[in-house]
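Residue-level structure breakdown
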Amino acid sequence: MLKLRDFIRLIVMAIFCHRLRAFLTMLCIAIGIAAVVLLTSIGEGIHRFVLSEFTQFGTNLIGINPGRATTVGASVGVFGAERPLTIDDAEALKRIANVEAVIPMVQGNAEIKAFGKSRRSTVYGVGAEFPTVFTFNVSAGRFLPDDDPLAPRAYAVLGYTLKNELFGTKSPLGQYIRIGGSRYRVIGTLESKGQVLGFDLDDAVYIPTQRSLAMFNRDSVMEIDLLYKEGANQQQIVGAIEKLIIARHGKMDVTITTQQQMLEILGSILNVLTFAVGALGGISLLVGGVGILTITTIAVRERTSEIGLYRALGARRIQILALFLGEAAILSGLGGVIGLAVGLLGGQLLQLIFPALPTHFSLFFTSLSVILAIIIGLIAGVLPAMHAAQLDPVTALRAE
Amino acid sequence: MIELQAIQRDFNVGDQTIHALQQINLTISQGEYVSIMGPSGSGKSTLLNVIGLLDRPSSGTYTLDQAEITALSDDERADIRQHKIGFIFQFFQLLPRLTAQENVELPMLLAGTAPFVRQQRARKVLQSLDILDRAGHRPDQLSGGQQQRVAIARATVMQPKVILADEPTGNLDRHSGREVIRILERLNGEGMSLIVVTHDPEVGQRAKRHIRMIDGKITHSD
Ligand SMILES: Nc1ncnc2c1ncn2[C@@H]1O[C@H](COP(=O)(O)OP(=O)(O)O)[C@@H](O)[C@H]1O
Ligand SMILES: [Mg+2]
């Protein structure tokens, strides 16, 4: 039987003899692999980027929104039947064991005026614990004090952008500004948080919830955010919240969303994204496979008389099969490695050219694509190789 | 050694059946020198292919070295080709990307012979055919006569019992043709059976035994 070393030598010689064809075959696979690696690394990059944007608020958050949700996110209030979510509710929630902070939230837009300058910005009605819960840092002064939630003083804290717009380099501390017509005293400014998922948290002013309710003429808060202790049982806390709401409202008329749920939903959406992007690359891999199939088919046809000679010299069918399969395997393997290198380099290059575009090398998708490339290469190689092995030696010898 | 009985080989072309071999009965002993002649299309190549186990007869029995061949599997037939039969073709069938020596080594490589033994034997055979100085040349650097000598070296390096040559001089000038025939006759003198298919009466007459074929039948056999 043919020795392995000679077997590989025969294949390598055949590959070298048909350099252009071998190159094209490898190119087919390489392009496919490079596409998969590149696209999935962009997909993974975006995935990780979005998740990190979310998790910067910590993972021990629970959001409570008025109305029962049919699916998470879209709350459908039963008309007129639900009780408003109030600051009192938030105060009650604070007493649940293991709850660290509770923030009743209201959001709206208003005209903000200071020293003749004016700007329309987002107004957030929040509680004193807001910086802790959402990991904001105070850059000057302090955040809203822990006043009586139902009668807080008219204090305001400025977001980074808004402070710059209204005061420039001057210190706003102790200055009075007008928000939606009412007078507030600036007691602090926040460090820049940048854009978080498209929301500019810097172009905003933060005031006590109770005052924002009056400003926007509301009797209920939009959301209550709750931070629980690290390591506490989330299930227990959710249960306690439900019990408390039922006790206070007479029925369960709010929707509770844990950060974990949010992350899971987000994760699954992002997985679909990565997968879709990977599938795109997969298509190019498939196209590469068709290319290999075509080229190998031509190779077998061109080398028919050679196959006939091997058979006349006593080669068994299985040896012919192995020779052509080996060729396909080596070419697709090499093509895979080249594609991998190009894909990884391309990812790095992309990162250099577009630093904003997050890319992340995914070992899973990369190994998957290499395995896929070899499988595609083998499948594309098997058909022509089987054809070669099945050739009648006399017919093969007569081919020229 | 070779015994054909009632060998029939039919080809189906469309709805037509071509009887390339009809009721062939032929016995060839070890060491014989036989020429097969006849008009084009008379079945000479087909007969040679059947004898060389490249082709299966449609019916009849073929015994080679006391062994019934027609029932053997494809792999068993490949093994017999490897060890007992040497083919020589009109168009040499050398692999263009291999050197002369590598071409000669090919049957041993397929048989799994160790590289050192392979090289030794290939060089020995090339030397006996007087083309050792061309061992490193590729086929396109050799003349027709030299290429056919390399092909003969390849066919005989496994020391087969029979050499089957299909028009071995058909693609050569008269001088190279004679030389090739002389080499084949010398190998025959060393004990290998030699069966030559040829158009050339001069070549055919040199054989010790002459077979004539017309329309798939043997019309004359010494
Ligand atoms: N594979 C084949 N398919 C169909 N017909 C064939 C095939 N091989 C040979 N033949 C036919 O069989 C006959 C004998 O062919 P062949 O043995 O090549 O003749 P020769 O070698 O004497 O010229 C011819 O009529 C040829 O056309
Ligand atoms: Mg012929």
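Here we summarise the structure given alongside this text. Given the structure is predicted, the values throughout are model-derived calculations rather than measurements. (Residues numbered from 1 in each chain as written. Chains lettered and ligands numbered in written order. Predicted model: local features only at pLDDT ≥ 70, side-chain atom pairs only at ≥ 80, totals over all residues. Heavy atoms only, no water.)

1. Side note on unusual backbone geometry
The phi dihedral of A:Thr135 is positive, around 45°, even though this residue is not glycine. Looking at the element boundaries, A:Thr135 is found in the loop between α4 (130-133) and β6 (138-141). When its relative accessible area of 37% is taken as the criterion, A:Thr135 is described as partly exposed. Residues other than glycine seldom take positive phi values, yet B:Leu53 does so here, at roughly 65°. (Helix = DSSP H or I, 4+ residues; strand = E, 2+ residues; numbered from the N terminus. Buried < 20%, exposed > 50% of the residue type's maximum accessible area, 1.4 Å probe, protein only.)

2. With respect to the interface of chain A and chain B
The interface is formed by 28 residues belonging to chain A together with 27 residues belonging to chain B. Here chain A meets chain B over a buried area of about 2,500 Å², counting both sides, of which 56% is carbon and sulfur. Ranking the residues of chain A by area buried against chain B places A:Leu309, A:Leu313 and A:Arg316 at the top, with a combined share of 23%. Measuring nitrogen to oxygen at the nearest pair gives 3.1 Å for the salt bridge that ties B:Asp74 to A:Arg317. Scanning the region where chain A abuts chain B turns up seven residue pairs in polar contact (both at pLDDT 80 or more). Residue assignment for the side of chain A that touches chain B shows that the elements contributing at least two residues are α1 (4-17), α9 (304-312), α10 (317-353) and α12 (393-398) of chain A. Looking at the side of chain A that touches chain B, the element that brings in the most residues is α1(A), giving seven residues. When its residues are assigned to classes, the side of chain A that touches chain B shows 14 nonpolar, four polar and 10 charged. (Contact = heavy atoms within 4.5 Å. Buried area = accessible area lost by both parts, 1.4 Å probe. Salt bridge = Lys/Arg side-chain N within 4 Å of Asp/Glu carboxyl O. Polar contact = N/O pair within 3.5 Å; in protein donor to acceptor, adjacent residues only side chain to side chain. Nonpolar A, V, L, I, M, F, W, Y, C, P; charged D, E, K, R; others polar.)

3. Some details on the sheet that holds strand β10 (residues 217-221) of chain B
Residues and elements named next belong to chain B. Read across the open sheet, the six strands follow the order β6-β7-β8-β3-β9-β10; overall the sheet is mixed. Only two strands of the sheet have a single neighbouring strand rather than two, namely β6 (85-88) and β10. The sheet shows a mean angle of 20° between the axes of neighbouring strands, taken without regard to direction. In the sheet, β6 pairs with strand β7 (residues 162-166) via four bridges, with the strands oriented parallel. Across the sheet, residue glycine 86 finds its bridge partner in β7, namely isoleucine 163. Contacting β3 (33-37), β6, β7, β8 (193-197) and β9 (209-214), helix α1 (residues 44-51) runs over the sheet at an angle of about 155° to β7. (Pairing = 2+ DSSP bridges. Axes fitted to C-alpha atoms, helices over the stretch in contact; angles between N-to-C directions.)

4. Section: the layout of surface pockets
Here the second largest pocket is characterised by a volume of approximately 790 Å³. Residue lining of the second largest pocket: 36 residues in total, with A:Val394, A:Arg398, B:Ser45, B:Asn49 and B:Asp166 positioned closest to the centre. Looking at the lining of the second largest pocket element by element, the count peaks at five residues for α1(B). Tallied by class, the residues present in the lining of the second largest pocket amount to 15 nonpolar, 13 polar and eight charged. (1 Å grid on protein atoms, 1.4 Å probe; cavity = no way out; pocket = protein on both sides within 12 Å on 5 of 7 lines; lining within 4 Å. Points joined across faces, edges and corners; volume = space filled by probe spheres on them.)

5. Observations regarding the site of ligand 1
Taken together, 13 residues are adjacent to ligand 1, and B:Gly41, B:Gly43, B:Lys44, B:Ser45 and B:Thr46 come closest. Residue neighbours of ligand 1 fall on chains A and B, so the site bridges chains. Contact between ligand 1 and B:Gly43: an oxygen atom at 3.0 Å from a main-chain N or O atom of the residue. Within the complex, 70% of the 560 Å² of free accessible area of ligand 1 lies under protein. Cavity membership is defined here by more than half of the atoms lying within 2 Å of grid points; on that basis ligand 1 lies in the second largest pocket. Only β1 (2-13), β2 (16-28) and α1 of chain B provide two or more residues apiece to the shell around ligand 1. When residues of the shell around ligand 1 are assigned to their parent elements, the largest contribution, three residues, is made by α1(B). (Near = heavy atom within 4 Å. Areas by Shrake-Rupley, 256 points an atom, 1.4 Å probe, with all protein chains shown as cover. Sits in = over half its atoms within 2 Å of the grid points.)

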